[in-house]
Amino acid sequence: MDFLPFTRPCLDEDTIAAVTAVLRSGWLTTGPKAREFEGALSAYVGGRPVRVMNSATAALEIALRIAGIGPGDEVITTPLSWVATANVILAVGATPVFVDVDRESRNIDLNRLEAAITPRTRALLPVDLAGLPVDRDRLYAIARRHDLRVIEDAAQSCGAQWQGRRLGSMGDLVAFSFHANKNMTSGEGGCLVLNDENEARLCEKLRLQGVTRAADGTMDVDVLGGKSNLTDIAAAIGLGQLRQLDGFNARRRYLARQYFVHLDRTLGLELPLPEFEQGNWHMFQPLLPLDRLRITRGAFIESMRAEGIGVGVHYPAMHLFTLYRQRGFAVGDFPVAEDIGQRTITLPLFPAMQDADVLRVCEAVARVLRPVLV
Ligand SMILES: *Cc1c(COP(=O)(O)O)cnc(C)c1O
């Protein structure tokens, strides 16, 4: 049987043809396709301004700069995410302040968030882990009460909704990722949803060397920008993916439900929140019952690999990485994130999977766990 990876991009022939057309067009870097992609993304989020970048990391860092965040400022975020989430805070010279996650949603615990706010807090940077949305009503109520900006790390939650409204169609600054493992991809890429044209113009400068061009062809630089523009090659992939995004997400929700039906509940796995309306099931992540197992997570992953199945780890709690320990974080600071980070496994989930693939994963999990369960 073929190896089943934990994720795999789904590219249709129309998308591949569109990329070929860009390659033949004579224009490879940011151009008409990138602008078309921005227009399509803007339409998808209800008409708000959108600018594309070569990664969500760039989009998040630019969002922090647009919000005027820098040295001396604190930004509150979750310790349970891809490390880009906190790295961008360090990159602009600000201080990441972590708040532990809620055990059910695995997202930042909104009950504990306000206690972390200080006079230096400038922004909240929440993450929709595995595409399960953070409660936007409570989040923005807190932000308004304390006059804070919100930079939504929606890297994993493209196409997810909150109370019937698409993420990105509301709120403050919202970043999506089009990394190859995300729900829609442009190979590498990302975008930022902005509040108005002024922010959009600043975003354009920050993503490309700070340059503005006047209609008469002259240019000026009045701010230090980086180099994070998206190529038209990538934009052509993204356009093809955006057309399919809602279908992809519907398929993911269906497959996630199949996991709930077929995973053996007597194996002691702790399943994710069974939410099938708002989230986009970017990942399906049970927690291993490590205190009842005679094997480590690493050994479990090795055994699954031997069964022909890829299992990922997303993510270890990031405050325990060396870079963050050097800034004073230690074991025990965020016990819920640490516990989830130690036990989490990402099982295969991507739109091209068949029902039989889910069954195959569930059977392999049972074969591996049953003999080592105490
Ligand atoms: C993937 C991811 C990012 C970074 O996205 P890139 O496009 O790879 O830069 C940031 N935050 C979260 C939560 C992610 O999953």
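Residues numbered from 1 in each chain as written. Predicted model: local features only at pLDDT ≥ 70, side-chain atom pairs only at ≥ 80, totals over all residues. Heavy atoms only, no water.

## Overview of the overall build of the protein chain
Assigned secondary structure in the protein chain consists of 12 helices and 11 strands. Taken over the C-alpha trace, the protein chain has a radius of gyration of 21 Å; the compact-globule value for 374 residues is 21 Å, and the two agree within 12%. With the principal axes as the frame, the protein chain shows a C-alpha extent of 75 × 55 × 35 Å. Of the roughly 15700 Å² that the protein chain leaves accessible, carbon and sulfur atoms contribute 53%. Of the charged side chains in the protein chain, 41 are positive and 44 negative; the average position of the first set lies 2 Å away from that of the second. (Helix = DSSP H or I, 4+ residues; strand = E, 2+ residues; numbered from the N terminus. Rg over C-alpha atoms; globule rule 2.2 N^0.38 Å. Areas by Shrake-Rupley, 256 points an atom, 1.4 Å probe, with all protein chains shown as cover. Lys, Arg positive; Asp, Glu negative; His and termini not counted. Charge placed at Lys NZ, Arg CZ, Asp CG, Glu CD.)

## Let's talk about the side chain of Asp-100
Locating Asp-100 in the fold gives a position in the loop between β3 (95-98) and α5 (110-113). Notably, Asp-100 is buried but unbridged: the nearest opposite-charge side chain belongs to Arg-112, and the N-O separation is 4.2 Å. Polar side-chain contacts of Asp-100 include one of 2.9 Å to the backbone nitrogen of Val-336. A distance of 2.9 Å separates a polar atom in the side chain of Asp-100 from the backbone nitrogen of Ala-337. Those residues within four positions of Asp-100 in sequence are excluded, and the remaining contacts are Pro-79, Ile-108, Asp-109, Arg-112, Phe-334, Pro-335, Val-336 and Ala-337. (Buried < 20%, exposed > 50% of the residue type's maximum accessible area, 1.4 Å probe, protein only. Salt bridge = Lys/Arg side-chain N within 4 Å of Asp/Glu carboxyl O. Polar contact = N/O pair within 3.5 Å; in protein donor to acceptor, adjacent residues only side chain to side chain. Contact = heavy atoms within 4.5 Å.)

## A word on the packing of helix α1 (residues 13-25) against helix α8 (residues 232-262)
Two packed helices can be described by the angle between their axes and the distance between those axes. Relative orientation of the contacting elements α1 and α8 amounts to 160 degrees, with a least axis distance of 9 Å. The orientation of α1 with respect to α8, classified from their angle, is roughly antiparallel. Both α1 and α8 take part in a crossing whose hand is right-handed. Packed against α1, whose contacting residues are Thr-15, Ala-18, Val-19, Val-22 and Leu-23, the element α8 presents Asp-232, Ile-233, Ala-236, Ile-237, Gly-240 and Gln-244 at the interface. Residue composition of the contact of α1 with α8, by class: 7 nonpolar, 3 polar and 1 charged. (Axes fitted to C-alpha atoms, helices over the stretch in contact; angles between N-to-C directions. Parallel < 35°, antiparallel > 145°, perpendicular 65-115°, else oblique. Left-handed = near helix turned anticlockwise from the far one by under 90°. Nonpolar A, V, L, I, M, F, W, Y, C, P; charged D, E, K, R; others polar.)

## Observations concerning the sheet that holds strand β8 (residues 173-177)
If you trace the 7 strands from one edge of the open sheet to the other, you get β1-β9-β8-β5-β4-β2-β3, paired in mixed fashion. Of all strands in the sheet, those with a lone pairing partner are β1 (50-53) and β3, marking the two edges. Ignoring which end each strand starts from, the neighbouring axes of this sheet average 25 degrees apart. Both strand β4 (residues 121-125) and strand β5 (residues 149-153) contribute to a ladder of 2 bridges, which runs parallel. Within β5, the residue paired with Ala-123 across the bridge is Arg-149. (Pairing = 2+ DSSP bridges.)

## Some remarks on the domain arrangement of the protein chain
When the domains of the protein chain are assigned, the result is domain 1 (13-240) and domain 2 (246-372). With 39 residues of domain 1 at the interface, the matching set in domain 2 holds 36 residues. A combined buried area of about 3000 Å² lies between domain 1 and domain 2, and 56% of that area is made up of carbon and sulfur atoms. Looking only at domain 1, the three residues that lose the most surface to domain 2 are Arg-103, Arg-106 and Asn-183, adding up to 24% of its buried area. (Domains from an automatic or database assignment. Buried area = accessible area lost by both parts, 1.4 Å probe.)

## Thoughts on the environment of Leu-173
For Leu-173, the position within the fold is in strand β8. Since its relative accessible area comes to 0%, Leu-173 is described here as buried. A sequence separation of 21 residues divides Leu-173 from Glu-152, and the C-alpha atoms of the two residues are 6.1 Å apart. Apart from the residues lying within four places of it in its own chain, the contact partners of Leu-173 are Ala-63, Ile-66, Ala-67, Arg-149, Val-150, Ile-151, Glu-152, Leu-192, Val-193, Leu-194, Asn-195 and Glu-199.

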